[in-house]
Structure formats: C-alpha cells, structure tokens
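Here is what each chain is made of, one letter per residue.
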Amino acid sequence: MTALSITAGRERARTLFPGVLACAVVAAASTFLSEHYGAPVMLFALLLGMAMNFLSGDSSCKPGIEFTAKAVLRFGVALLGLRITLGQVAELGWQPLLIVVLGVVLTIAVSMVVARLMGFQSLFGLLSGGATAICGASAALALAAALPNHPQKERATLFTVVGVSALSTLAMIVYPMIARAAGLDEQAAGIFLGATIHDVAQVVGAGYAMSQKTGDVATLVKLLRVAMLVPVIVFAVMLTRARTAEQAGGKRPPLLPGFAVGFVVLMLINSSGWLPKVVSQGGSELSRWCLVAAIAAIGMKTQLKELAGVGLKPVLLMFGETVFLVALVLALQRALT
C-alpha cells in the first residue's frame, strides 16, 4: 500500500466521519428507546433520523450519511447470513418449508399485481410484499438496495419501513390470540407466528409469550423466511436488468449483488460449525446495528412532508398484504395436516 493511497484513505475517513457518527448516535438512541419502551427500533431510528433531517444539508455530514444509507446498509444485509444455518432449515421438515416458500412467492406475486391495479409501479408491490412476506424492515432495506434508483424510491422505502414496523407490533399482540382461537397446538402455533409476523424481534416476543416450544419453532421458521431474501433479491435484480435492457444505453446491474453473495457465503460458513458462537452472535448484533444506522441515515435524507403525502392507497396495500399472508398460512396449515 503506497503512501498516496494511505493518505487518500485517511482523507476519505475524515470526510465520512461526521455523518457516520451522527447515524451511529441516532442508532444508539433508538436502541435505548426501543429497549425501554418496547416499540420497534427501526421505527425509532426512522423518526429520530427524520427529526435530524437538517444534517443531510450540512456539507460536513452529508457524505457520511450517504455512505451509511448505502454501503453500511449493504454490509448489514450481508451479515444477516450469520443468523441462519442449513441445519436449522433441515430441522423444520418439508411442511414448514413449503408453507414459507408458498407464503413468500404468492404474497409477493399478489402484491405486485394489486400494486399495478392501484396505479403504482409493480416494483413498489415487490418492495412492500417482500417486507411483509420475508423479514419486515430488514427485507425492505435489502430489496431497496437491489432495486434501481428512482425519484420516489427513498420515500417508498421509508413508508414501507414505517408500515411494516407498525403492523409487526400489532401482529405481535393479535396473532397469538388468532392462534389460540384457531385451536393450534404449540408446534402449529410456532409455525403460524414464524410464517406471518414481519420482524424477527416481534416473532420472538409473540412466540415465547405463548410457550418455550412455540417460541423455538417460531424463531426457526422466521429464520427460514430470512433465508428467502436471497432468491427474492435475485428476482428483483433480474426484473431490474430486464427493464434496464429496454432502455438504450442503460447499465445493467450484476445478477447477484455483492451483499447477496456475502449473505450466502456467511450463511454457509455459519452452517459449517467452524465459527465460534460468540463470533456468529457478534456478527448478527453488528448486522442489527448497521441496519438501524442505515434507516436513520435514510430518515435524515427524507422530509416528513414527503412521507405524509403518500395517501391512503399504500396503507391499504400493506394492510391487505398482511391479511392475505395470515389467511394463506392458516389455509396451508389446515391443508397439510
């Protein structure tokens, strides 16, 4: 490494530091509030980030905020691979796997069709449907990173994060009651909760509130949904490549983004058993911090009036996606038993 490259690296770090530090402070504050008040950490990060919107116009903070919203986001998504092992997937058997795959595929497909019928781009249906079907705010951020740039992209991402976080909190309270009313046993209740609640934290909260076994099953099923992130990202990129090819001179993105490759590699390494548990747990926690900081950065880049102007249709779309997923999973569980 030459002295010139070292100097350039230091200069780059000095440029990014103020904005990255601001995002880290918001992430820490959001985590503190979430742990003490029980609301989704992503929602706190988004709201606090939007309250500090003025920083995105500051020349000293802007580069770091942009870096956190893009590079740190992709790094956090890649680290999600440390949450999953192939052994966990095998433990569940074929029925939960079938329920998860059908739930993800059909929810996203229906969301894209309905989004077009409601006057939105089908990519918004992919974004909101993917967040609902896979892993909430984390999936929304990962899919947003894979989709092409668009003037409304960040606003759509923010709305999706807000909507899925609110619905996930509501689901954590309501879905255990639905499981009891449907007469599901501990195993079936765990599959239902893990296959329908949006965010991992809310799945854990709802599952272990019912029983230890329900919580264990729900967590494994949820991690299986997280693993579906990679094929959905590939689908999103293929769709983007197809649309870009129709535009003269359009640069086609790689079929599998670097962060998706990182996700798969880390999942395989974690499955091998070579990693000490403290390393995989530390990587998973670092992933969470990166994603919280990234959503704080996205919040800093967006004004509240932009989010308030989305209207009622997107709200109805996300609520409909949530109801559809619940009905589909319950129907599949009855059909497969």
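Everything that follows concerns the structure shown earlier in this document.
About the criteria used
Residues numbered from 1 in each chain as written. Predicted model: local features only at pLDDT ≥ 70, side-chain atom pairs only at ≥ 80, totals over all residues. Heavy atoms only, no water. Phe/Tyr/Trp six-rings, centres within 6.5 Å; stacked < 30°, edge-to-face > 60°. Helix = DSSP H or I, 4+ residues; strand = E, 2+ residues; numbered from the N terminus. Buried < 20%, exposed > 50% of the residue type's maximum accessible area, 1.4 Å probe, protein only. Salt bridge = Lys/Arg side-chain N within 4 Å of Asp/Glu carboxyl O. Core = buried A, V, L, I, M, F, W, Y, C linked by side-chain atoms within 4.5 Å. Contact = heavy atoms within 4.5 Å. Disulfide = S-S within 2.5 Å. Expected span 1.5 Å × (residues − 1). Bend = angle between axes of the 7 residues up to and from the residue. Axes fitted to C-alpha atoms, helices over the stretch in contact; angles between N-to-C directions. Parallel < 35°, antiparallel > 145°, perpendicular 65-115°, else oblique. Left-handed = near helix turned anticlockwise from the far one by under 90°. Nonpolar A, V, L, I, M, F, W, Y, C, P; charged D, E, K, R; others polar.

Visitor: Mind showing me how you'd approach the packing of aromatic side chains here?
Guide: By convention here, two paired aromatic rings are described through the distance between centres and the angle between planes. Counted according to the given criterion, the structure contains 2 aromatic pairs. Judged by centre distance (5.8 Å) and plane angle (45°), the rings of Tyr 175 and Phe 192 are tilted. Placement of the pair is Tyr 175 in helix H8 (residues 153–181) and Phe 192 in helix H9 (residues 186–196), with a sequence separation of 17 residues. In terms of burial, Tyr 175 and Phe 192 fall into one category: buried.

Visitor: What exactly am I supposed to notice about the pattern of salt bridges here?
Guide: Where charged atoms from two side chains of opposite charge come close, those side chains can pair. For the coordinates displayed, the defined rule picks out 2 salt bridges. Its salt-bridge partner being Arg 14, residue Glu 11 comes within 2.8 Å of it at the nearest N-O pair. One end of the pair is Glu 11 and the other is Arg 14, both in helix H1 (residues 3–37) and 3 residues apart, which spans about a single turn. For Glu 11, a relative accessible area of 43% translates into the label partly exposed. For Arg 14, a relative accessible area of 54% puts it in the exposed group. A salt bridge links Arg 288 to Glu 285, with the shortest nitrogen-to-oxygen separation between them at 2.9 Å. With Arg 288 and Glu 285 both in helix H14 (residues 277–300) and 3 residues apart, this pair spans about one turn of that helix.

Visitor: Just checking my understanding: could you explain the environment of Met 238 for this structure?
Guide: With respect to the helices and strands, the residue Met 238 is situated in helix H12 (residues 229–245). Here Met 238 falls in the partly exposed class, since its relative accessible area comes to 46%.

Visitor: Explain the nonpolar core to me, please; I cannot follow it from the model alone.
Guide: One recurring pattern in soluble globular proteins: nonpolar side chains tend to sit buried together. Grouped together as the largest cluster of nonpolar side chains are 97 residues, with contacts concentrated most on Met 42, Leu 126, Leu 229, Ile 233 and Ile 295. Setting aside chain neighbours within four positions, we find Leu 229 in contact with Val 77, Leu 80, Ile 134, Ala 139, Ala 142 and Phe 263.

Visitor: In this structure, what is going on with the state of the cysteines? I would like to understand it.
Guide: Here, the word disulfide means a covalent bond between the sulfur atoms of two cysteines. Scanning all chains against the criterion turns up 0 disulfides. Free cysteine Cys 23: the closest other cysteine sulfur is in Cys 61, separated by 8.5 Å.

Visitor: I would appreciate a short explanation of the side chain of Ser 34 in the present structure.
Guide: You can see Ser 34 is positioned in helix H1. What Ser 34 contacts, discounting residues up to four positions off in sequence, is Ala 39, Pro 40, Val 41 and Phe 44.

Visitor: When you look at the environment of Gly 282 in this model, what are you seeing that I'm missing?
Guide: Along the chain, Gly 282 falls in helix H14. You can call Gly 282 partly exposed: its relative accessible area is 40%. In this structure the C-alpha to C-alpha distance between Gly 282 and Leu 82, which are 200 residues apart in sequence, comes to 9.1 Å.

Visitor: Please clarify how H8 should be interpreted in this entry.
Guide: Given 3.6 residues per helical turn, the α-helix brings residues three or four places apart onto the same face. Its 29 residues give H8 an end-to-end C-alpha distance of 39 Å, which sits within 8% of 42 Å, the value for a rise of 1.5 Å per residue. Taking the largest bend as the criterion, H8 deviates by roughly 40°, centred on Met 172, and proline Pro 176 comes between one and four positions later. Residue Gly 183 follows H8 closely and has a positive phi angle near 70°.

Visitor: So what exactly am I meant to see when it comes to the side chain of Ser 168 here?
Guide: Here Ser 168 is to be found in helix H8. Taking the relative accessible area as the measure of exposure, Ser 168 reaches 0% and is therefore buried. Beyond its immediate chain neighbours, meaning those up to four positions away, Ser 168 contacts Ile 197, His 198, Asp 199 and Gln 202.

Visitor: Would you take a moment to explain the packing of helix H2 (residues 41–51) against H8 for this structure?
Guide: For any two helices packed against each other, one specifies the inter-axial angle together with the distance between the axes. Remark: H2 packs on H8, axes separated minimally by 9 Å, with the N-to-C direction vectors making an angle of 140°. Judged by the inter-axis angle, H2 sits oblique to H8. As for how H2 packs across H8, the hand of that crossing is left-handed. Contacts between H2 and H8 involve Met 42, Leu 43 and Leu 46 on the former and, on the latter, Leu 158, Val 161, Val 162 and Ser 165. Residues belonging to the contact of H2 with H8 are distributed by class as follows: 6 nonpolar, 1 polar and no charged.

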